[in-house]
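Inside the fold
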Amino acid sequence: MVLQSAILMQKKLIKHIYLQENGNKVDIALYFGNTLTMLIEFVFENHRSFRAEQRLSMVANNHDKSLPGHLIDLESVSGFRGVNLLKGAALYGANASGKSNVLDALQFMDYFVENSAIKLQPGDAIKAQPFLLAPGAANEPSRFEITAIIEGTRYQYGFSVTRERVTHEILVAYPKGHAQKWFERRWDAHKKKYSWSSPTANFRYDQALKDKTRDNALFVSTGAQWNHKQLDTIYQWFKKTMHFLHLGVNAVLTPGHTSSLAKKEPKIFEQAVALLQRADFGLVGATVEEHQIPVEDLKAHLPPAMLKKMEEKGDLREITETEIKLQHQADGMDPVAIDFDSESAGTQRFFALVGPWLEMLEKGQIVCIDELESSLHPNLVAEFLKLLFCAKHNRKGAQVIFTTHNSTLLGSKILRRDQIWFTEKKPTGDTFLYPLTDYKPRNTESLEKGYLTGRYGGVPYIPEGLCPSK
């Protein structure tokens, strides 16, 4: 009887989620009811070039029946029957229009949740970056809020900060589809203290924990440090699920992450090598070897001044060097191993990105990428996105939000129309964020042509005569 009950309970927990891909129904995952983790919406205001409230939604348009493989069905989440979430969103915009600031706002929220209780000391300034081109905006709070599914339950969490303090913080949970306000704290400028919501049957916190929460720290962050289980759930979502990659010209994306998979995640590394081969770099394999460099060798090759400083600090010890070689083969020839540093910039960038990308898919993470196409051919960018939207490879609801100038994605049926967003700067200097769907383009309309001709905004304005013809 006990065994039968356990089997029945497991069957209730397991949810089969199906997606249509190329007209065929594919079983993409077996989701236990308490493991689905995804971003639903991000709201922010008064951050960098953004003055007014902005809203980035990952909720799919149910009227759009195209590319169903780009969706995750939320049937298993209470209160979300008939709702689908998008696996990705693309942010387009002219240079300096503010599209990177959307990701920066989300990264600031992530950083502050993870670090406010452990890195800031009493009296330290919060590194808020409010809009500076409007009177009074610099002294107004910056606001950040996410709505997410965490371990199968919907949460709404947000806070507002100035450089001096947290002015507002709130957490609402929907464990059974109905809102439960777990806590709220608000700064009362007249009384010079915080007002707190009353404890509820669903969430209790004692006075000691409130007293431990500094003005420049979040209650969620503080509670997580003191092993408050409910608050730690939110904290861990930011720490383990949210990730950020910057791929611009000055970005430092090393091959270390991908090469480390050879040892700790060999199956993922094999997939990475297979993708390199498919990317037509003439590759047939890759090897990663570690070599120990003895202290004696370091002493023989380090400059005397550096050696002296390292010895004084006690930093001189044996180090491990990682050697990456990619094997190439021409027709009729034996494979030749080439040092990673001798490879092209595109090959190096692809190798460095493919590891984190595959691991993101494997773990169901949410990744924000600035300038996805940097040093990559548009066809390779498309291949990365196909992996994201593939039911076979993305079994755990991984999501990617990325900035790009790659207009070919608009005409290649890689993206759904509700996945495309634009940023544009107004004459007042502030940016606004809006979806392509606001323009209601016709099904037969060329999105790439419409974008390049400025129909949807998000492209640079170049005055006539700036580059005069002869």
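Refer to the structure above for everything that follows.
Attention here is on the structure that accompanies the text. (Residues numbered from 1 in each chain as written. Predicted model: local features only at pLDDT ≥ 70, side-chain atom pairs only at ≥ 80, totals over all residues. Heavy atoms only, no water.)

Summing up its helical and strand segments, the protein has 12 helices and 20 strands in all. Looking at the protein as a whole, 48% of its 470 residues qualify as buried. Considering only contacts in the protein between residues 6 or more positions apart, those separated by 24 or more positions represent 64%. Per element, the accessible surface of the protein, about 24800 Å² overall, is 51% carbon and sulfur. (Helix = DSSP H or I, 4+ residues; strand = E, 2+ residues; numbered from the N terminus. Buried < 20%, exposed > 50% of the residue type's maximum accessible area, 1.4 Å probe, protein only. Contact = heavy atoms within 4.5 Å. Areas by Shrake-Rupley, 256 points an atom, 1.4 Å probe, with all protein chains shown as cover.)

The next subject is the nonpolar core. Considering soluble globular proteins, one finds that nonpolar side chains tend to be buried as a cluster. In terms of nonpolar packing, the biggest core is built from 56 residues, with Tyr157 and Phe159 touching the most fellow members. Sorting elements by how many residues they give to this core places helix α2 (residues 99-115) first, with 8 residues. (Core = buried A, V, L, I, M, F, W, Y, C linked by side-chain atoms within 4.5 Å.)

We now examine the packing of helix α6 (residues 256-264) against helix α10 (residues 345-363). For the pair α6 and α10, the least separation of the axes is 7 Å and the interaxial angle reads 55 degrees. Considering the angle they form, α6 stands oblique to α10. The residues of α10 that touch α6, namely those facing His257, Thr258, Ser259, Leu261 and Lys264, are Phe351, Ala352, Val354, Gly355, Pro356 and Glu359. The class makeup of the residues in the contact of α6 with α10 is 5 nonpolar, 4 polar and 2 charged. (Axes fitted to C-alpha atoms, helices over the stretch in contact; angles between N-to-C directions. Parallel < 35°, antiparallel > 145°, perpendicular 65-115°, else oblique. Nonpolar A, V, L, I, M, F, W, Y, C, P; charged D, E, K, R; others polar.)

This part covers the side chain of His228. Among the structural elements, His228 can be located in the loop between α4 (219-225) and α5 (229-241). Using a relative accessible area of 14% as the deciding quantity, one classes His228 as buried. Beyond its immediate chain neighbours, meaning those up to four positions away, His228 contacts Phe203, Arg204, Leu209 and Gly223.

Our focus in this paragraph is the packing of aromatic side chains. Taken as a whole and assessed by the stated rule, the structure comprises 25 aromatic pairs. Between Phe144 and Phe159, the aromatic rings sit 5.7 Å apart at their centres with planes inclined by 45 degrees, giving tilted as the arrangement. Linking Phe144 in strand β8 (residues 142-150) with Phe159 in strand β9 (residues 153-161), this pair joins segments that are 15 residues apart in sequence. Under the relative-accessibility criterion, Phe144 is labelled buried at 1%. Seen in terms of ring centroids, Trp187 and Tyr194 are 5.0 Å apart; in terms of plane orientation they differ by 65 degrees. Their pairing is edge-to-face. Taken together, the ring pairs in this structure connect Phe108, Phe112, Phe144, Tyr157, Phe159, Trp237 and Phe238 into an aromatic cluster. For the cation-ring pair, Arg185 lies above Tyr194, with the distance from its terminal atom to the ring centre recorded as 4.3 Å. Lying over the aromatic face of Trp226, Lys212 brings its terminal NZ or CZ to 4.5 Å of the ring centre. (Phe/Tyr/Trp six-rings, centres within 6.5 Å; stacked < 30°, edge-to-face > 60°. Lys NZ or Arg CZ within 6 Å of the ring centre and 35° of its normal.)

None of the figures reported here should be taken as evidence of function without further support.
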